[in-house]
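# Remarks on the overall topology
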Amino acid sequence: MAKRILTALIGAAVMGIGSQASAGTLDDVKAKGFVQCGVNSGLAGFSAPDASGNWSGLDVDYCKAIAAAVFGDATKVKFTPTSAKDRFPALQSGEVDVLTRNTTWTLNRDTALGFNFRAINYYDGQGFMVRKALNVKSALELSGAAVCVQSGTTTELNLADYFKANNLQYNPVVFEKLEEVNAAYDAGRCDVYTTDQSGLYSLRLTLAAPDDHIILPEIISKEPLGPAVRQGDDQWFDIVSWAHYAMVNAEDFGITQANVEEMKKSTNPDIQRFLGVEADTKIGTDLGLTNDWAVNIIKAVGNYGESFDRNVGPSSPLKIERGLNALWNKGGIQYSPPIR
């Protein structure tokens, strides 16, 4: 009897897991008519609103790409600004459908927090920014410095590890909100600002005198930044992941916003399949989408290179080099699995 009861309980648990996994975020998103994205409350180049409340940035483009894939309309999005502390509860609770907010993929977040990561839309690393007046050329010269850092981030642990490993002393000046960290550094309450290096380029633009500050050469961590979704919904996980891979694949093929319609006439079977014009293609239906999902993404936000250049690269105020975020065949590690 005890064995039968135990077997029944295990079966019920498995059924519960199965029903949770089958709870379709895609269906929920379609029912409400938009994708709800958790984004940074204001990080130039990644996600920031203008004076009229219009959002732009690399992470914003990612969210628009998801909406374009699902609805064929990149405007069917809503943005929830989140801090480093409240971003994870927002995703866990279902307040947002996906977190597209410069978030580092770590083991703890991938397991204990109940999230799934896959695509990496920006390969980053933690760095340091200081005032030029300090005449510091290397992070190894920062012993005894007061360091501004945001709580609830991987940045805090990386900072502690780096200073300990190099036998350096420091005084952490910790704030919960990004705006508080920015204000403290700009006001001179700390000597050093540490966060992801891409964030430093962005934040430097907001300072009272941007040219008075330099970003030191050291990169002290690996920060693979990408979207996160809740575990238990493989279909939504796939859609969010392949939205990024579609943008990377488009750049690989030389498909842009300007030529995507013309590229439909290509005789290359891979391009025909990718753009949904091959007669027997199922790349869209396999995702639960229409076969022109990739075309809709490219029309909405362009390929990965176009989005990068526009938001954080040479066509933006940040002017960040592609570096690791160049395509795999151009010296970087951005790489899409085959879309076939």
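Criteria and thresholds
Residues numbered from 1 in each chain as written. Predicted model: local features only at pLDDT ≥ 70, side-chain atom pairs only at ≥ 80, totals over all residues. Heavy atoms only, no water. Helix = DSSP H or I, 4+ residues; strand = E, 2+ residues; numbered from the N terminus. Rg over C-alpha atoms; globule rule 2.2 N^0.38 Å. Buried < 20%, exposed > 50% of the residue type's maximum accessible area, 1.4 Å probe, protein only. Areas by Shrake-Rupley, 256 points an atom, 1.4 Å probe, with all protein chains shown as cover. Pairing = 2+ DSSP bridges. Axes fitted to C-alpha atoms, helices over the stretch in contact; angles between N-to-C directions. Contact = heavy atoms within 4.5 Å. Core = buried A, V, L, I, M, F, W, Y, C linked by side-chain atoms within 4.5 Å. Parallel < 35°, antiparallel > 145°, perpendicular 65-115°, else oblique. Nonpolar A, V, L, I, M, F, W, Y, C, P; charged D, E, K, R; others polar.

A separate point is the overall build of the protein chain. Assigned secondary structure in the protein chain consists of 13 helices and 14 strands. In terms of overall dimensions, the protein chain is globule-like: its C-alpha atoms have a radius of gyration of 22 Å, near the 20 Å expected for 340 residues. Taken over the C-alpha atoms alone, the protein chain extends approximately 70 × 65 × 40 Å along its principal axes. Taken over 340 residues, the protein chain has a buried fraction of 51%. With an accessible surface of roughly 15500 Å², the protein chain has 53% of that area assigned to carbon and sulfur atoms.

Spatial strand order, β10-β9-β11-β8-β12: 5 strands in an open sheet with mixed pairing. Strands at the two margins of the open sheet, each flanked by one partner only, are β10 (170–175) and β12 (213–215). With strand direction ignored, the average angle separating the axes of adjacent strands in the sheet is 30 degrees. Sheet contacts for helix α6 (residues 154–165): β8 (126–131), β9 (145–150), β10 and β11 (192–196); angle to β8, the most-contacted strand, approximately 80 degrees. Lying over the sheet, helix α8 (residues 197–204) contacts β8, β11 and β12, oriented at roughly 125 degrees with respect to β11.

Moving on, we come to the pairing of strand β1 (residues 35–40). Most of β1 is tucked away: 6 of the 6 residues are buried. Pairing of β1 with strand β4 (residues 77–82) involves 6 bridges; the strand directions are parallel. The partner of G38 across the bridge, within β4, is T80. In terms of strand pairing, β1 meets strand β5 (residues 98–99) through 2 bridges, oriented parallel. Pairing of G38 across the sheet is with L99, part of β5.

Pairing is parallel in the open sheet, where 3 strands are placed in the order β4-β1-β5. Single-partner strands in this sheet number two, and they are β4 and β5.

Our focus in this paragraph is the nonpolar core. By size, the foremost hydrophobic cluster in this structure holds 74 residues, and its most contacted members are V35, W236, W293 and I297. With 11 residues, the top contributor of residues to this core is helix α9 (residues 234–253). What W293 contacts, discounting residues up to four positions off in sequence, is A69, W242, A243, A246, I283, G284 and L287. The next biggest cluster of nonpolar side chains, apart from the first, holds 15 residues, and it includes V136, L159, F163 and L216.

Put simply, α9 and helix α12 (residues 293–301) touch, their axes get as near as 10 Å, and they point 70 degrees apart. In this view, α9 runs roughly perpendicular relative to α12, as classed from their interaxial angle. Contact residues: W242, A243, A246, M247 and A250 in α9; W293, A294, I297, I298 and V301 in α12. Residues that form the contact of α9 with α12 fall into these classes: 10 nonpolar, no polar and no charged.

The analysis is restricted to geometry; functional conclusions fall outside its scope.
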